[in-house]
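So you can see what is in the structure, the chains are spelled out below.
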Amino acid sequence: MLMSYLERKEAETRVAQVTRELVERNEELWRLQKEKGQVEPLVALGRVTGMIAHELGTPLNTMLGHSQFLGEEELTEGGRRRLKTIQKQIQRMVNTVQYYLSRTRISQPARSQVNVNELVLETLELLKPVFEQHELEVNTTLAESLAPLPANRGSLQRVLINLLNNAVDALKDGGTVTITTRAAAESPETSKEGVVIEVTDTGAGIPPEMLPEVFDLFLTTKESGKGTGLGLAVCQEIVKSHGGTIQITSKLGEGTCVRVFLPIDDTVAQPASAEVRE
Ligand SMILES: Nc1ncnc2c1ncn2[C@@H]1O[C@H](COP(=O)(O)OP(=O)(O)OP(=O)(O)O)[C@@H](O)[C@H]1O
Ligand SMILES: [Mg+2]
């Protein structure tokens, strides 16, 4: 059976809504890029979402409109079946738009040999006013001799800032943030050598059911105008682009630990992952 009038209207509204959302998000990304100076990742994300909104959203609307007109004409049974297939495929493309929106990739910026401990201390200094404003205790446990890490310094600092900002937001009632660095293998199972950076807070924690989704683009529990749901998605992309992994463990009401592993030699890129551990 062909789509009913109401179903067509609903599908049409959905396509228009997705297009509008894409355009709005693209504008938001450009605004953020300017405000936060988060150039490469957000430019890349903004470009992709803008491209998708324009290249797919507009023709999808046109196709849906024409397929509806066609449905109002005299058609053979076979013709109606084909039209239904076309409309199903349009719907599939709408889903594709949403899929790519959550899968946008960041291009790889230039790297240098980064002293991770130095970068941690510099970043904590940068955020000192924020910690003081919220009266938070900040601890560091930095490994004594860490090998320099081949990385993009700016991108790595962005990871630290995003994670520390999340910790601060989770510590509304005060508490402690701890940054730990150490030389380590990626996991007991792999012998890949690298540097582990852990950002731990004694804050609100993340509900277990939300944990598998925290890296999704635009997932936020923060009030409108405060969080955009980009922080962890950007962290994950940066870590991935360095061949590393990022994992979050959290316990509601007790706190959160984000473990970032970055390999010294990242010739074999590993996928980043989120996992629940209580
Ligand atoms: N350390 C943490 N403690 C508790 N919840 C966290 C922590 N880090 C992330 N979250 C949860 O994960 C969500 C997604 O985090 P993410 O950094 O991606 O976006 P955001 O902080 O909401 O917004 P943005 O970082 O773009 O300003 C947060 O809204 C929050 O609910
Ligand atoms: Mg954040």
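The structure we're discussing is the one just above.
Since we're looking at a predicted model, the values are computed, not measured. (Residues numbered from 1 in each chain as written. Chains lettered and ligands numbered in written order. Predicted model: local features only at pLDDT ≥ 70, side-chain atom pairs only at ≥ 80, totals over all residues. Heavy atoms only, no water.)

Asker: Would you mind showing me how to read the overall build of the protein chain here?
Answerer: Of the regular secondary structure elements, the protein chain holds seven helices and seven strands. Counting helices and strands in the order they occur from the N terminus, the protein chain gives α-α-α-β-α-α-β-β-α-β-β-α-β-β. In the protein chain, buried positions account for 43% of the 278 residues. Pairs at least 24 residues apart make up 74% of the contacts formed inside the protein chain by residues separated by at least 6 positions. Of the roughly 15200 Å² of accessible surface on the protein chain, 52% is carried by carbon and sulfur atoms. (Helix = DSSP H or I, 4+ residues; strand = E, 2+ residues; numbered from the N terminus. Buried < 20%, exposed > 50% of the residue type's maximum accessible area, 1.4 Å probe, protein only. Contact = heavy atoms within 4.5 Å. Areas by Shrake-Rupley, 256 points an atom, 1.4 Å probe, with all protein chains shown as cover.)

Asker: In this structure, what is going on with the packing of helix H6 (residues 153–170) against helix H7 (residues 231–241)? I would like to understand it.
Answerer: The relative placement of two packed helices comes down to the angle between their axes together with the axis-to-axis distance. In contact at an axis separation of 9 Å, H6 and H7 are set at 150° when each is read in the N-to-C sense. Where H6 crosses over H7, the handedness of that crossing is left-handed. Along its contact with H6, which presents Ser155, Leu156, Arg158, Val159, Asn162, Leu163 and Asn166, the element H7 presents Gly231, Leu232, Val234, Cys235, Ile238 and Val239. Partitioned by chemical class, the residues of the contact of H6 with H7 number eight nonpolar, four polar and one charged. (Axes fitted to C-alpha atoms, helices over the stretch in contact; angles between N-to-C directions. Left-handed = near helix turned anticlockwise from the far one by under 90°. Nonpolar A, V, L, I, M, F, W, Y, C, P; charged D, E, K, R; others polar.)

Asker: In this structure, what is going on with the pattern of salt bridges? I would like to understand it.
Answerer: Pairing is possible between side chains of opposite charge, provided their charged atoms come close. Under the counting rule described, the total for this entry stands at three salt bridges. Where Asp169 meets Lys222, a salt bridge forms, and the shortest distance between an N and an O atom there is 2.9 Å. One end of the pair, Asp169, is in helix H6; the other, Lys222, is in the loop between strand E5 (190–201) and H7, with 53 residues separating them in the sequence. Note that Glu198 and Arg182 form a salt bridge whose closest N and O atoms lie 3.0 Å from each other. Separated by 16 residues along the polypeptide, Glu198 in strand E5 and Arg182 in strand E4 (residues 176–187) bring together distant segments of the chain. Arg182 sits in the partly exposed class, given a relative accessible area of 31%. (Salt bridge = Lys/Arg side-chain N within 4 Å of Asp/Glu carboxyl O.)

Asker: Sorry, what's going on with the pairing of strand E6 (residues 245–251) here?
Answerer: A regular strand places its side chains so that they alternate between the two faces of the sheet. Burial runs high along E6: five of the seven residues are buried. As defined by bridge partners, E6 adjoins strand E7 (residues 255–263) across seven bridges and the pair is classed as antiparallel. If you follow Thr245 over to E7, its bridge partner there is Phe261. Between E6 and E7, which pair antiparallel one after the other, the connecting turn spans three residues, and Gly253 there sits at a positive phi close to 80°. (Pairing = 2+ DSSP bridges.)

Asker: What exactly am I supposed to notice about the site of ligand 1 here?
Answerer: Inspection of the region around ligand 1 gives 19 residues, with Asn166, Thr220, Thr221, Lys222 and Thr228 positioned closest. With respect to ligand 1, the side chain of Asn166 contributes an N or O atom lying 2.8 Å from an oxygen atom. Contact between ligand 1 and Leu232: an oxygen atom at 2.8 Å from a main-chain N or O atom of the residue. Protein contacts shield 91% of the accessible area of ligand 1, which totals 590 Å² for the unbound molecule. For the shell around ligand 1, the elements supplying multiple residues, two or more each, are H6 and H7. Tallied by class, residues from the shell around ligand 1 come to seven nonpolar, nine polar and three charged. (Near = heavy atom within 4 Å. Polar contact = N/O pair within 3.5 Å; in protein donor to acceptor, adjacent residues only side chain to side chain.)

Asker: Got a minute to help me understand the nonpolar core in this structure?
Answerer: Residues Leu163, Leu164, Ile197, Val214, Ile248 and Val260 are the most contacted members of the largest nonpolar core, which totals 40 residues. Secondary-structure elements contributing two or more residues to this core are helix H4 (116–126), strand E3 (149–151), H6, E4, E5, H7, E6 and E7. By residue number, the principal contributor to this core is H6, which donates seven residues. Leaving out residues up to four positions away in the same chain, Leu163 has contacts with Val199, Leu232, Cys235, Val258 and Val260. Grouped together as the second largest cluster of nonpolar side chains are five residues, Ala11, Val15, Leu60 and Leu64 included. (Core = buried A, V, L, I, M, F, W, Y, C linked by side-chain atoms within 4.5 Å.)

Asker: What's the story with unusual backbone geometry in this structure? I'm lost.
Answerer: In this model, Glu135 sits at a positive phi of 50°, which is unusual for a non-glycine residue. Judged by its relative accessible area of 70%, Glu135 is exposed.

Asker: I'm lost on H7 in this one. Help?
Answerer: Note on helix geometry: an α-helix contains 3.6 residues per turn, so any two residues three or four positions apart are oriented the same way. Counting buried positions over the eleven residues of H7 gives nine, a clear majority of the element. For H7, the complete set of buried residues consists of Leu232, Ala233, Val234, Cys235, Gln236, Glu237, Ile238, Val239 and Ser241. One or two steps after H7, the chain reaches Gly243, where phi turns positive at roughly 75°.

Asker: Teacher, can you tell me more about H4 here?
Answerer: Listed as buried for H4 are Val116, Asn117, Leu119, Val120, Thr123 and Leu124. For H4, the arc enclosing every buried residue in end-on projection is 160°, short of the 170-degree limit, so these residues lie on one face. The residue sitting at the N-terminus of H4 and contributing the capping side-chain oxygen is Asn115; that oxygen lies 3.2 Å from the backbone nitrogen of Asn117. (Arc of directions from axis to C-beta.)

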